[in-house]
Amino acid sequence: MNPFSLEDKVIVITGASSGIGRHTAISCSLQGASVILIGRNPERLQETYTCLSEGKRHGSYVLDLTDDACMSDVVQQINTDFGRIDGIVHCAGISGTLPLKLADTAEMERYFSNNAIGAVNLTRELCKVGRFSKDGGSVVFLSSVAALTGDPGKSLYAMSKGALLSGCRALAAEYARRKIRFNCISPGVIITPINENLPHIKDPEKRKALEAKHLLGLGKTEDVANACIYLLSDASRWITGQNLIVDGGYTVQ
Ligand SMILES: NC(=O)c1ccc[n+]([C@@H]2O[C@H](COP(=O)([O-])OP(=O)(O)OC[C@H]3O[C@@H](n4cnc5c(N)ncnc54)[C@H](OP(=O)(O)O)[C@@H]3O)[C@@H](O)[C@H]2O)c1
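Here is a short report on the structure shown in this document. No experiment lies behind these values; they were computed from the predicted model shown.

Calculation notes
Residues numbered from 1 in each chain as written. Predicted model: local features only at pLDDT ≥ 70, side-chain atom pairs only at ≥ 80, totals over all residues. Heavy atoms only, no water. Pairing = 2+ DSSP bridges. Helix = DSSP H or I, 4+ residues; strand = E, 2+ residues; numbered from the N terminus. Axes fitted to C-alpha atoms, helices over the stretch in contact; angles between N-to-C directions. Contact = heavy atoms within 4.5 Å. Near = heavy atom within 4 Å. Polar contact = N/O pair within 3.5 Å; in protein donor to acceptor, adjacent residues only side chain to side chain. Areas by Shrake-Rupley, 256 points an atom, 1.4 Å probe, with all protein chains shown as cover. Disulfide = S-S within 2.5 Å.

### Digging into the sheet that holds strand β7 (residues 243-246)
Ordered in space as β3-β2-β1-β4-β5-β6-β7, the 7 strands form an open sheet in which the pairing is parallel. A single partner strand is all that each edge strand has here, and the edge strands are β3 (59-62) and β7. Adjacent strand axes in the sheet meet at a mean angle of 15 degrees, parallel and antiparallel pairs treated alike. Contacts between helix α3 (residues 68-82) and the sheet are confined to β1 (10-14), β2 (34-39) and β3, with β3 contributing the most and set at about 170 degrees to the helix. Contacts from helix α8 (residues 221-232) reach β1, β4 (87-90), β5 (137-142), β6 (180-187) and β7 within the one sheet, and its direction differs from that of β6 by about 165 degrees.

### Here we look at the site of the ligand
Close contacts around the ligand come from 30 residues, with S17, S18, I20, Y157 and T192 the closest. One of the side-chain N or O atoms of S18 is found 2.5 Å from an oxygen atom in the ligand. Contact distances for the ligand include 2.8 Å between an oxygen atom and a side-chain N or O atom of K161. Taking 900 Å² as the accessible area of the ligand by itself, protein coverage stands at 95%.

### Quick notes on the state of the cysteines
Per the stated rule, a full pass over the model turns up 0 disulfides. The thiol sulfur of C91 is not disulfide-bonded, and the nearest other cysteine sulfur, from C228, lies at 5.3 Å.

This is the structure we're talking about:
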């Protein structure tokens, strides 16, 4: 048996309509998983769906994770359609650059609801008894190196991603009894729609400086997708409550 295989596992992936989530969904399907896509944009979700490997049943569900009213209906539908799940990867998230003088309550709520609260709500619904496999499984939250380092204008993003790191450790302790593992992945910079229009990517000088901070250069979505596969697979069965930094050496300096 290949311990890295996802054969016959059922994996829910949020943010599957773009970037890291899309690549993770496609890679998981290539490793034998049935993949359940979640995102807001139906057309982009469909684009991901058409790239999934054939031979397994996959699903696609439109859900805004900040919409509490719809969440339990969608999870109920997933449960009806698939019966059990073995893993979740929370890729859905927003980013931005916002100085403190603009960080009002509405902005804080926007960052936290999109980056942390939605992930916790969905996890709670999916972890209800009878929905997650009796054999346990794996939950992966996409945090960020921004939660570990200090960058100007990133306070709200960093706080919302730091919440995932802290929550993950507590959830790991809470769910160990059911053999559901919780881990985070903290990527360095990968150019995707989340950041392609931000100043540090658009401005050639700033981008050069950013690239120089990544010892191995900027990352690719596949770098994070491969880390997700490891944390979803049985190869990581003794790892829980941890943060896997996937950043091309950004944080070693
Ligand atoms: N790219 C990087 O450099 C980097 C670095 C560190 C961490 N990360 C983290 O990695 C994750 C994926 O980022 P990415 O680079 O792949 O960004 P992306 O290409 O912009 O994808 C973001 C995804 O999140 C979904 N999303 C956002 N808010 C949502 C909500 N309320 N409900 C449901 N879906 C929602 C989007 O859905 P729709 O498209 O359907 O609207 C999209 O699928 C994010 O959490 C991000 O913070 C990224």
